[in-house]
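Structural overview
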Amino acid sequence: MDLSLVVIARNEADRIARCLRSVPPTAERIVVVDASSTDATARVAAHLGATVAIRPWPGHVAQKNHALSLATRRFVLSLDGDEWLSPEAADAVTAAVARGDADGWSLPRLNQWLGRPIRAGRWYPDRKIRLVRRGRARWVGDDPHDHLEVDGMVRALQGDIHHVPYRTVWEHLATIDGYTRIHARSLRARGVVARPWDPWVRPALHFVDAMLLRAAWRDGLDGVALAALGAAHVHLKWRRTRSG
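The text that follows walks through the structure, step by step, so that each part is easy to find. (Residues numbered from 1 in each chain as written. Predicted model: local features only at pLDDT ≥ 70, side-chain atom pairs only at ≥ 80, totals over all residues. Heavy atoms only, no water.)

**A word on the sheet that holds strand S3 (residues 51–54)**
Taken together, the seven strands give an open sheet; going across it, the order is S3-S2-S1-S4-S9-S6-S12, and neighbouring strands pair in mixed fashion. Two strands bound the open sheet, and with one partner strand each, they are S3 and strand S12 (154–156). Each neighbouring strand pair of the sheet contributes to a mean axis angle of 25 degrees, computed without reference to strand direction. With three bridges connecting them, strand S4 (residues 75–80) and strand S9 (residues 128–133) associate as antiparallel partners. Across the sheet, Phe-75 pairs through a bridge with Arg-133, a residue of S9. The sheet contacts of helix H3 (residues 60–69) involve strand S1 (3–9), strand S2 (29–34), S4 and S9, and relative to S1 the element is tilted by about 150 degrees. Helix H4 (residues 87–99) rests against S1, S4, strand S6 (104–107) and S9 of the sheet, and its axis sits at about 165 degrees to S6. (Pairing = 2+ DSSP bridges. Helix = DSSP H or I, 4+ residues; strand = E, 2+ residues; numbered from the N terminus. Axes fitted to C-alpha atoms, helices over the stretch in contact; angles between N-to-C directions. Contact = heavy atoms within 4.5 Å.)

**Focus: the nonpolar core**
Leu-20, Leu-77, Leu-79 and Leu-131 are the most contacted members of the largest nonpolar core, which totals 29 residues. When contributions to this core are tallied by element, the ones reaching two or more residues are S1, helix H1 (16–21), S2, S4, H4 and S6. Sort the elements by how many residues they give to this core and H4 lands first, with six residues. Beyond its immediate sequence surroundings of up to four residues, Leu-131 is in contact with Leu-3, Phe-75, Val-76, Leu-77, Val-93, Ala-96, Val-97, Asp-103, Gly-104, Trp-105 and Leu-157. (Core = buried A, V, L, I, M, F, W, Y, C linked by side-chain atoms within 4.5 Å. Buried < 20%, exposed > 50% of the residue type's maximum accessible area, 1.4 Å probe, protein only.)

**Overview of the environment of Ser-106**
Position of Ser-106 relative to the elements: it lies in strand S6. Residue Ser-106 is classed as buried on the basis of its relative accessible area, which comes to 7%. Residues Ser-106 and Ile-161 lie 55 residues apart in sequence; the distance between their C-alpha atoms is 10.0 Å.

**Let's talk about the environment of Ala-9**
On the secondary structure map, Ala-9 appears in strand S1. Each C-alpha atom of the pair Ala-9 and Leu-79 lies 9.1 Å from the other, and the pair is 70 residues apart in sequence. Leaving out residues up to four positions away in the same chain, Ala-9 has contacts with Ile-16, Val-32, Val-33, Asp-34, Ala-35, Ser-37, Thr-41 and Gly-81.

Shown next, in the form of structure tokens:
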């Protein structure tokens, strides 16, 4: 199959095998761009047949575009080391590559939190473009919020990309701290000025959107917790943007 898989990873020795083994077995080239992991990520990936490129972390967009540039087949599937394809998604990717009837394809992403899949709120379906025709797409956006931009038609596929963004609550909180610092710097660099009410009104709107408009309550206490953590993320981002 005329497909390359490119994966970015750092310290994913416990999860990289699941990611690589989930792709269609007929993928002709697998590349893992390892951001100088301190664990066995590179060794595990190489053992499974991947070409491993070690590259210090330059940011999400830059790292993912570098990974994209290493693909050599006509179609490219991009994943992170903490993601993997469901069997249905792998079959959908295989069929899409065989048809070749678009320049990009999106898949829903099913995020898990503390071992439980989250099927409502702002976490699902969280549809992402991840399969593209080589040379027709690039990663864009402000770190850490990136996405694939496609020159041409994009079609929707069925079958989930599974994703475990945080191993623990503490990792989730640390990520909020780090990402809000990065995003606040990016907003200030673009000349965005936070108004006095932004750190308060925006989080409230985020919570209402998650709980009521996107029915986060369907996931029980986990859904409420994620809506609250999302609001905390928004508050901290805009507070840091305002304070400089």
